[in-house]
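One letter stands for each residue in the lines below.
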Amino acid sequence: MNPFELKPQKADKCFTSWNKVLVKPYNKNTVDPYTRLRVILMSGTEFESVRLGHAFMRMCANNDVRRRLAHMRRGEQIQQKRVAGLKPANESILEHTIGYEQLAVDLTANLAISEKNSYVKKQLDFALLEDFDHLYRYSDLMELEKGGDPKRLVGEYTEVMPGRPTVAEYRHPYDDVNFYINDYLNNIKTKLNINIITAAEQQTMNFYMNVANLYPTPLGRKLFNEIAMIEEQHVTGYGGLKDPCMSPFESLLMNEYTECYLYYSCYEDETDERIKGIWEMHFLEEVAHLHEACDLLKTYEGKVWQQVLPEGGEFPELLKFRPQKEYVREILKSVRLTGVEEGWEELDKVPDSFRYFSYNAKINGNPASVGTHTVIEKAIAEFGQDYRIQNKEHPIRCLSDRKKDNIDIGRVKGK
């Protein structure tokens, strides 16, 4: 599939009445977990598109361009509201959060497996273990508060058990900044992967920042605030991979191409026929946006889309959500890594004077009192062990004890 070869529909076709925008939500009790993940992913993708459009407009002095951006952005807003409308009102903040973290785990794993750039893959693998740990801690909160059933939410697709402990994830801001990846030299899949994961993590960070003060219990508020800070670190890491040398017009085109790719991937992978129709409709609308971005690039910079995508516009292998339990188990072996400037190193190999230790100690204070640890201690006290969904024993021996939360691994040397 090459969206550049398709004849675009009229851009105004996406403008429609509210009764065609506010669609019937899915049934939270019967929806396939991966359908829920696609809804979260595409809502975040639309958020990213709207954010980019506003940022571009604020840096542009040409009102003709600003008007065309506003026209495109209005269409993206309609799409976002339709996708967001698929979420039912009776799906709680915490249930939605389990979806966010399952998306972070399975999306990141699926992208990492397909990633050819070793540096980008290392960032994906590194953050994967942190989102994996977040899924575990939110699941224990859900069990404690009787707020839902984590197993029903994740289905048979994703295991729930500790990753790199959240208390070990707080790194000095300097050590979450990555080298940027030159878009002109990288293959199309790497460009797509960076765009996709940045948008997904940006949405997660925004969601946690917005709901942390709305959550009804003190323990839950602690979790959302603490994990929101880690999402800031992830957005810094992933966003740092994006090429700052691309012009706004080039970035707009790449963003629209990413949306086309994702909607077509969702269409091909979707099992719910009604929602599949929404993905198809949005794909065709995004093709129109893509062609508009091509025209803007040519009109105002004198460039053709092939200069942004020299490999051609044919979609690479589509994104398909598939369980990656064994891959995650293999990556768990790197649980003791930490960030060191633009790279990663085993904690035991960094100097005692390295800024990680002082920063982490300052943020955590007493690690035994932070919410992400307390939630596990409370679950153990109430149920006799923590809540997990495991097919077999945890691959890291010191994380296999279900009656003790290990908050030293990846944070304290020699552990």
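Predicted model, so just to flag it, every value in this text is computed and none were measured.

Asker: Would you take a moment to explain the pairing of strand E1 (residues 337-340) for this structure?
Answerer: Every other side chain in a regular strand lies on the same face of the sheet, so the side chains alternate between the two faces. Summarising the sheet, E1 and strand E2 (residues 343-346) pair through four bridges and their orientation is antiparallel. Bridge pairing links Thr 338 to Glu 345 in E2. Counting the residues that bridge the hairpin from E1 to E2 gives two residues, and of these Glu 341 lies at a positive phi of roughly 50 degrees.

Asker: I keep staring at the packing of helix H6 (residues 188-211) against helix H8 (residues 248-269) and nothing clicks. Help me out?
Answerer: Helix-helix packing is characterised by the crossing angle of the two axes and by the distance between the axes. Running from N to C, H6 and H8 cross one another at 90 degrees; their axes reach a closest spacing of 10 Å. Our classification of the angle between H6 and H8 gives roughly perpendicular. Contacts between H6 and H8 involve Ile 188, Lys 189, Lys 191, Leu 192, Asn 195 and Ile 196 from the first element and Met 254, Asn 255, Tyr 257, Thr 258, Tyr 261 and Leu 262 from the second. Residue classes in the contact of H6 with H8 are distributed as seven nonpolar, three polar and two charged.

Asker: What's the story with the packing of aromatic side chains in this structure? I'm lost.
Answerer: Centre distance and the angle of the planes are the two values used to describe a pair of aromatic rings. As enumerated under the stated definition, the model contains 24 aromatic pairs in all. With a centroid separation of 5.8 Å and an interplanar angle of 15 degrees, the aromatic rings of Phe 4 and Tyr 257 are classed as stacked. Pair noted here: Phe 4 is in the segment before helix H1 (33-58) and Tyr 257 is in helix H8, with a separation of 253 residues, a long-range link. By relative accessible area, Phe 4 is classed as buried at 10%. For the ring pair Tyr 34 and Phe 321, a centre distance of 5.4 Å and an interplane angle of 35 degrees mean the geometry is tilted.

Asker: Explain helix H3 (residues 93-114) here, please?
Answerer: Since the α-helix turns once every 3.6 residues, residues separated by three or four places project in the same direction. For H3, which comprises 22 residues, the first-to-last C-alpha distance of 31 Å matches the rise-based estimate of 32 Å (1.5 Å per residue) to within 8%. Of all the 22 residues making up H3, 20 are buried; the element is thus mostly covered by neighbouring parts of the structure.

Asker: Looking at this structure, how should I read the packing of helix H2 (residues 63-84) against H8?
Answerer: With their axes 14 Å apart at the nearest point, H2 and H8 run at an angle of 25 degrees to one another. As summarised for this structure, H2 and H8 are arranged roughly parallel, according to the angle between their axes. Seen along the crossing, H2 lies across H8 with a hand that is left-handed. Every residue of H8 that contacts H2 at Val 65, Leu 69, Met 72, Glu 76, Gln 79 and Val 83 is listed here: Phe 249, Leu 252, Glu 256, Glu 259 and Tyr 263. Each residue belonging to the contact of H2 with H8 can be placed in one class, and the counts come to seven nonpolar, one polar and three charged.

Asker: What am I meant to see in the layout of surface pockets here?
Answerer: Unoccupied space between atoms shows up once a probe the size of one water molecule is rolled over them. One number sums up the size of the largest pocket: a volume of about 460 Å³. Arg 51, Leu 52, Lys 242, Asp 243 and Ser 251 are the residues nearest the centre of the largest pocket, which is lined by 23 residues in total. Of all the elements in the fold, those that place two or more residues in the lining of the largest pocket are H1, H6, helix H7 (218-239) and H8. Here the lining of the largest pocket is composed, by residue class, of ten nonpolar, seven polar and six charged. Empty space within the second largest pocket amounts to approximately 210 Å³. If you go around the second largest pocket, you meet 13 residues; those closest to its centre are Ser 43, Phe 47, His 96, Tyr 100 and Gln 203.

Asker: Help me out: how do you make sense of the nonpolar core in this one?
Answerer: Proteins that are soluble and globular tend to have nonpolar side chains buried together. Core analysis: the largest hydrophobic core is formed by 106 residues, its most contacted members being Leu 41, Leu 107, Leu 253, Tyr 257, Trp 279 and Leu 309. The dominant element in this core, judged by the number of residues it contributes, is helix H4 (residues 118-145), at 14 residues. Ignoring any residue separated from it by four or fewer positions in sequence, one finds Leu 41 in contact with Leu 103, Leu 107, Ile 196, Ala 200, Leu 262, Leu 319 and Phe 321. Formed by six residues, the second largest nonpolar core is a distinct cluster that contains Ala 168, Leu 347, Val 350 and Tyr 356.

Asker: What should I look at first to understand the environment of Trp 279 in this one?
Answerer: Relative to the helices and strands, Trp 279 resides in helix H9 (residues 273-301). Considering only alpha carbons, one finds Trp 279 and Met 42, 237 residues apart in sequence, at a separation of 9.2 Å. Beyond its immediate stretch of four places on either side in the chain, Trp 279 contacts Arg 38, Val 39, Met 42, Val 83, Leu 86, Tyr 263, Cys 266, Tyr 267 and Glu 270. Separated by 2.9 Å, the side chains of Trp 279 and Glu 270 make a polar contact.

Asker: Got a minute to help me understand the pattern of salt bridges in this structure?
Answerer: When their charged atoms lie close together, side chains carrying opposite charge are able to pair. Under the counting rule described, the total for this entry stands at 30 salt bridges. Ionic pairing is found between Lys 146 and Glu 382, a salt bridge with its closest N-O pair at 3.2 Å. Note that Lys 146 is positioned in the loop between H4 and helix H5 (150-154) and Glu 382 in helix H12 (residues 371-383), a separation of 236 residues in sequence. The shortest N-O distance in the salt bridge between Asp 175 and Arg 355 comes to 2.8 Å. Here Asp 175, found in the loop between H5 and H6, pairs with Arg 355, found in helix H11 (residues 355-364); they are 180 residues apart in sequence, far enough to count as distant.

Asker: Can you help me understand the side chain of Arg 388 in this one?
Answerer: With respect to the helices, strands and loops of the structure, Arg 388 is situated in the segment after H12. Of note is the side chain of Arg 388, whose polar atom sits 3.0 Å from the backbone oxygen of Leu 399. From its side chain, Arg 388 meets the backbone oxygen of Asp 401 in a polar contact 3.4 Å long. Sequence-distant contacts of Arg 388, defined by excluding residues within four places in its chain, comprise Tyr 136, Val 160, Met 161, Pro 162, His 394, Leu 399, Ser 400, Asp 401 and Arg 402.

What counts, and where the lines are drawn
Residues numbered from 1 in each chain as written. Predicted model: local features only at pLDDT ≥ 70, side-chain atom pairs only at ≥ 80, totals over all residues. Heavy atoms only, no water. Pairing = 2+ DSSP bridges. Helix = DSSP H or I, 4+ residues; strand = E, 2+ residues; numbered from the N terminus. Axes fitted to C-alpha atoms, helices over the stretch in contact; angles between N-to-C directions. Parallel < 35°, antiparallel > 145°, perpendicular 65-115°, else oblique. Contact = heavy atoms within 4.5 Å. Nonpolar A, V, L, I, M, F, W, Y, C, P; charged D, E, K, R; others polar. Phe/Tyr/Trp six-rings, centres within 6.5 Å; stacked < 30°, edge-to-face > 60°. Buried < 20%, exposed > 50% of the residue type's maximum accessible area, 1.4 Å probe, protein only. Expected span 1.5 Å × (residues − 1). Left-handed = near helix turned anticlockwise from the far one by under 90°. 1 Å grid on protein atoms, 1.4 Å probe; cavity = no way out; pocket = protein on both sides within 12 Å on 5 of 7 lines; lining within 4 Å. Points joined across faces, edges and corners; volume = space filled by probe spheres on them. Core = buried A, V, L, I, M, F, W, Y, C linked by side-chain atoms within 4.5 Å. Polar contact = N/O pair within 3.5 Å; in protein donor to acceptor, adjacent residues only side chain to side chain. Salt bridge = Lys/Arg side-chain N within 4 Å of Asp/Glu carboxyl O.

Nothing here speaks to function; it is geometry throughout.
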